[in-house]
Amino acid sequence: MLVLGSAQAQPTLPTFREPVVFDVGSFPYGLAAADLLGNGSLHEIVVANGDFDATACNGGDGGDPGAGPNGTVSVLRNTGAWETDPGAGLVLEQTIPICDSCGPAEIAVADIDMMDGPDLIVSAAGTTGPGIYVCYNDGTGHFPLVQYFPTPLPVRGLVAKDFDNDGWIDVATGVDYCVDAPDTDKVYFLFNDQSGSFNDPNAFLEIDLGTPEGLPPCDIVAADFFHLTLGPPHPDVVSANMWDNSYTEIRNLGNRVLNAHTTEKPDGCPYTAWEFEVITTERFNGDAFDDFAVTEYASDHVDIFLGHGNGTYTSYCDDPDLRIPVGPGFCWGIEGGHLNGDSKADLAVTLLDSDQVHVLVGNGDGTFPVDERFSVVPQNAVAFTPIMVIIADLDQDGIKDIVTTNHNTDNISVLINDLVVVPGTGP
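Note that the structure is a prediction, hence the values are computed from the model and not measured.

1. Describing the overall build of the protein
Counting secondary structure elements, the protein contains zero helices and 31 strands. The C-alpha radius of gyration of the protein comes to 20 Å, within 12% of the 22 Å expected for a compact globule of 427 residues. With the C-alpha coordinates of the protein rotated into their principal frame, the extents come out at 55 × 55 × 45 Å. Counting only residues that meet the buried cut, the protein has 58% of its 427 residues in that class. Long-range contacts, defined as pairs at least 24 residues apart, comprise 55% of the intrachain contacts of the protein with a sequence gap of at least 6. Between the mean site of the 13 positive side-chain charges and the mean site of the 64 negative ones, the protein shows a separation of 5 Å.

Quick look at the structure:
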């Protein structure tokens, strides 16, 4: 157990207990943590089980592998037994059937219908039943009703935000990176019809990213990246475009007006490509502007983009310290959050082929001088394939923990943070 005392010369590296593993459905991908009862209780874990290998497709160079027959969402209840019986810390409470022969991909939690607590929003890839599925909370943390809202193409990247500032949660989702077809560089916006549904055809927008090859994005995030001078903040979207070696900022100008601006790697910028997979957003350097970080699978690096609020970013093309080596092990998932008790954003990154999560501890200026890799595999267990990651406080000790979906072993790993902060002595 690591105890954090007085201020450190360098950021404190958290330590984690032995990983604890919990079974879920086939080929889990996206996951989220949330208080599904909405009453301040322990955070539960929800997992989207795609039932097909999302690492097997080659996107712009190959084909969509389709999907298996049993796309589901696993709901794991948090018992709080992390000190006494960590193996019983989560209990599989529900397996929600989502669709036949589609591929649940990412998952978000938000109160879509403004009733009965947080609902589950699921994006679906695969060749059958692509689109958005909403699992409605009945007020007890159970989800007996699932409603389907189709999209023209399979989708993966997902965010749930109030994009039109009407008080109701909307959805943005990007075409699945496994789709092998031209002119698939799309992000779809589904606006809430103020009843908890997305049935109004006039409230559906298809945004063309305008990427160099017109291939699908890999992942998306939302934040106020592009500040407007008048009116309230509007959440914008940034997409990581793996096959097109670019990123796209979709600027939200209000009144459902959205403009896409794609940025390719500038001439003279070192390294060969921007092969961006998964994206996360935080304020990494402590200013008032939202930043983002992306993984580069092929080169085992994380790239930091520090936002200026006007559509421009400082990247490793300007400062080499903003390109951070991770791995080895083929990095994929990434999540920003706070892991060592201070107010500076950290990162957790999954390493597919080395069965680890790489923790990068932030210095508050956009750099990450302290890092370490932690196994997601318990002793005497078989090798896993950690693919996506979240940061959440599962044991309610005030210090956040790590959860990964292990794509090829049909389970998740929980790493309980062993850091203890002495009140009044943190950095």
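2. With respect to the environment of threonine 295
Within the secondary structure, threonine 295 sits in strand S20 (residues 291–296). Threonine 295 sits 21 residues away from tryptophan 274 along the chain, and the two C-alpha atoms are 9.4 Å apart. Excluding its chain neighbours within four sequence positions, the residues that come into contact with threonine 295 are Glu275, Phe276, Glu277, Val278, His301, Val302, Cys331, Trp332, Gly333, Ile334 and Val349.

3. So, the sheet that holds strand S17 (residues 246–252)
The four strands lie next to each other as S15-S16-S17-S18, forming an open sheet whose pairing is antiparallel. One side of each edge strand has no neighbouring strand; the edge strands of this open sheet are strand S15 (219–223) and strand S18 (258–264). Along the sheet, successive strands turn relative to each other by an average axial angle of 20 degrees, direction set aside. Examined bridge by bridge, strand S16 (residues 236–241) and S17 share five bridges and lie antiparallel to one another. From the neighbouring strand, serine 239 faces S17, where its bridge partner is threonine 248.

4. A look at the pairing of strand S29 (residues 401–406)
With six of its six residues buried, S29 lies for the most part within the structure. Where burial is concerned, the two faces of S29 agree: the one with Asp401, Val403 and Thr405 and the one with Ile402, Thr404 and Asn406 are both buried. Bridge analysis of strand S28 (residues 386–392) against S29 gives six bridges, and the strand direction is antiparallel. Paired with valine 389 across the strands is threonine 404, a residue of S29. Here S29 pairs with strand S30 (residues 411–415) via five bridges, running antiparallel. Note on S30: the bridge partner recorded for isoleucine 402 is leucine 415. Between S29 and the antiparallel strand that follows it, S30, lie four residues; aspartate 410 among them carries a positive phi value of about 55 degrees.

5. A word on the confidence of the model for the protein
On average, residues of the protein carry a pLDDT of 92, and 93% of them reach 70 or more. The model gives residues 1–8 a pLDDT under 50, and that stretch makes 25 contacts with residues more than four places away or in other chains. Contacts from residues 59–63, a stretch scored under 50 in pLDDT, to residues over four places away or in other chains number 15 contacts.

Rules of the game
- Residues numbered from 1 in each chain as written.
- Predicted model: local features only at pLDDT ≥ 70, side-chain atom pairs only at ≥ 80, totals over all residues.
- Heavy atoms only, no water.
- Helix = DSSP H or I, 4+ residues; strand = E, 2+ residues; numbered from the N terminus.
- Rg over C-alpha atoms; globule rule 2.2 N^0.38 Å.
- Buried < 20%, exposed > 50% of the residue type's maximum accessible area, 1.4 Å probe, protein only.
- Contact = heavy atoms within 4.5 Å.
- Lys, Arg positive; Asp, Glu negative; His and termini not counted.
- Charge placed at Lys NZ, Arg CZ, Asp CG, Glu CD.
- Pairing = 2+ DSSP bridges.
- Axes fitted to C-alpha atoms, helices over the stretch in contact; angles between N-to-C directions.
- pLDDT = per-residue confidence, 0-100.

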